[in-house]
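Chains, contacts and geometry: an overview
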Amino acid sequence: MSDPLTAAMAIASTGLQAQSTRMRVVSENVANANSTSDVPGGDPYRRKTVTFDAELDRAIGASMVKVKAIGVDKSDFRMNYDPSHPAADAAGYVKLPNVSALIEMADLREATRSYEANLNIIEQARTMMMRTTDLIRRN
């Protein structure tokens with residue numbers, strides 16, 4: 001088992017990686033929020049989701065966060081009546097992505113705060129390691 005400060009930094013770094021993936025998926029969702037199908041009646045972009053899991057790292061004796069899967073949201077598409085749109089079905093409705101800007105912004109805010117918390121943990125552990133080294137040098 002490694003020392004607790006190194007373990008804390010390793011755990012926080014896996015949190016950084018996981019939240020970075022989450023921010024990438026949110027960005028992809030926002031970028032595709034208004035995309036439609038290329039064919040009449042076809043399905044547009046489907047919102048993606050991120051699922052996390054914990055994995056035990058026996059070397060440091062702690063659970064590390066990891067991205068379990070990037071899935072898709074199975075909720076219904078939004079429907080908009082626009083018979084002149086090239087992606088409109090026979091009834092004149094266009095399927096729009098199941099992406100809500102409000103949900104994506106809340107998810108992004110949560111991911112950003114978690115990312116910042118993990119950065120703070122790494123910085124605090126690093127500071128503690130440096131102070132310990134300084135104390136050892138003085139003696």
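Everything in this summary refers to the structure shown in the same document. (Residues numbered from 1 in each chain as written. Predicted model: local features only at pLDDT ≥ 70, side-chain atom pairs only at ≥ 80, totals over all residues. Heavy atoms only, no water.)

**Things to note about helix α1 (residues 4-31)**
Its 28 residues give α1 an end-to-end C-alpha distance of 40 Å, which sits within 8% of 40 Å, the value for a rise of 1.5 Å per residue. Three or more residues of α1 are buried, namely Ala7, Ala12, Thr14, Gly15, Leu16, Ala18, Gln19, Arg22, Met23, Val25, Val26 and Asn29. Buried residues along α1 sit in contact with β1 (48-57), β2 (62-72) and α2 (101-138). Looking at where α1 begins, the residue whose side-chain oxygen comes 3.3 Å from the main-chain nitrogen of Leu5 is Asp3. (Helix = DSSP H or I, 4+ residues; strand = E, 2+ residues; numbered from the N terminus. Expected span 1.5 Å × (residues − 1). Buried < 20%, exposed > 50% of the residue type's maximum accessible area, 1.4 Å probe, protein only. Contact = heavy atoms within 4.5 Å. Polar contact = N/O pair within 3.5 Å; in protein donor to acceptor, adjacent residues only side chain to side chain.)

**What to know about the packing of aromatic side chains**
The geometry of two aromatic rings is summed up by the distance between their centres and the angle between their planes. All chains considered together, the criterion is met by 1 aromatic pair. Ring centres of Tyr81 and Tyr93 lie 5.3 Å apart, and the angle between their planes is 65°; this geometry places the pair in the edge-to-face category. Of the two residues, Tyr81 is situated in strand β3 (residues 78-81) and Tyr93 in strand β4 (residues 93-96); the sequence distance between them amounts to 12 residues. For Tyr93, a relative accessible area of 36% corresponds to the partly exposed category. (Phe/Tyr/Trp six-rings, centres within 6.5 Å; stacked < 30°, edge-to-face > 60°.)

**A closer look at the environment of Gln19**
Structurally, Gln19 can be placed in helix α1. Between the alpha carbons of Gln19 and Val67 there is a distance of 8.9 Å; along the sequence they are 48 residues apart. If we skip the residues at most four places from it in the chain, Gln19 touches Phe52, Ala111, Ser114 and Tyr115.

**Brief notes about the side chain of Arg47**
Along the chain, the position of Arg47 falls in the loop between α1 and β1. According to the relative accessible area criterion, Arg47 is buried, its value standing at 12%. Side chain to side chain, Arg47 and Glu104 meet in a polar contact 2.4 Å long.

Any functional reading would require information that these geometric values do not contain.
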